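Understanding the architecture of this molecule
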Amino acid sequence: ARLFIQFIAEIYMREIRFLLRDVKELEKLTKTEIFNHIKAIYKVSFKGQYKDVYPTLSKTQRLIMDSLTCDIEK
């Protein structure tokens, strides 16, 4: 099972690197660096009438999200 999960993770990482290769600032990032930038993104949700809160993204995080066509609300 672990080998299968690692295989699927490698497929996802390959796809992420494929999408990031067109952005000059991101093409030299390693898998670990990409993962570290992505894992620092979070969302705080509130119950009731309050809107969700997102962190302020760094330039690299914004480039990654734009390259992956992820829409994070501001």
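Structural data are supplied above this passage.
Residues numbered from 1 in each chain as written. Predicted model: local features only at pLDDT ≥ 70, side-chain atom pairs only at ≥ 80, totals over all residues. Heavy atoms only, no water.

**A word on the overall build of the protein chain**
Secondary structure summary: the protein chain contains three helices and zero strands in total. For the protein chain, the succession of helices and strands along the chain, N to C, is α-α-α. Whereas a compact globule of 74 residues would reach a radius of gyration of roughly 11 Å, the protein chain reaches 15 Å, over 25% beyond that. Counting only C-alpha atoms and orienting by the principal axes, one finds that the protein chain spans roughly 40 × 35 × 20 Å. With 74 residues in all, the protein chain has 20% of them scored as buried. (Helix = DSSP H or I, 4+ residues; strand = E, 2+ residues; numbered from the N terminus. Rg over C-alpha atoms; globule rule 2.2 N^0.38 Å. Buried < 20%, exposed > 50% of the residue type's maximum accessible area, 1.4 Å probe, protein only.)

**A word on the nonpolar core**
With 11 residues, the main nonpolar core is built from Met13, Ile16, Leu20, Val23, Leu26, Leu29, Ile34, Leu57, Ile64, Met65 and Leu68. Of all elements in the fold, only helix 1 (2–20) and helix 3 (59–67) reach the threshold of two or more residues within this core. Per element, the largest residue contribution to this core is three residues, and it comes from helix 1. Sequence-distant contacts of Val23, defined by excluding residues within four places in its chain, comprise Leu63 and Ser67. (Core = buried A, V, L, I, M, F, W, Y, C linked by side-chain atoms within 4.5 Å. Contact = heavy atoms within 4.5 Å.)

**Observations regarding the packing of aromatic side chains**
The tally for this structure, following the rule as stated, stands at one aromatic pair. With centroids separated by 6.3 Å and ring planes inclined at 70°, the aromatic side chains of Phe46 and Tyr50 adopt a geometry described as edge-to-face. Accessibility expressed as a relative area gives 44% for Phe46, which makes it partly exposed. Judged by relative accessible area, Tyr50 falls into the exposed class, the value being 56%. Taking the ring centre of Phe18 as reference, the NZ or CZ of Arg21 above it sits at 4.0 Å. (Phe/Tyr/Trp six-rings, centres within 6.5 Å; stacked < 30°, edge-to-face > 60°. Lys NZ or Arg CZ within 6 Å of the ring centre and 35° of its normal.)

**Considerations on the pattern of salt bridges**
If charged atoms from side chains of opposite charge come close, those side chains can pair. If you walk through the whole model with that rule in mind, you get four salt bridges. Among the ionic pairs, Asp22 bridges to Arg21, the shortest N-O distance being 3.9 Å. The partner of Lys43 in a salt bridge is Asp52, and the shortest N-O contact between them spans 3.5 Å. According to the relative accessible area criterion, Lys43 is partly exposed, its value standing at 45%. (Salt bridge = Lys/Arg side-chain N within 4 Å of Asp/Glu carboxyl O.)

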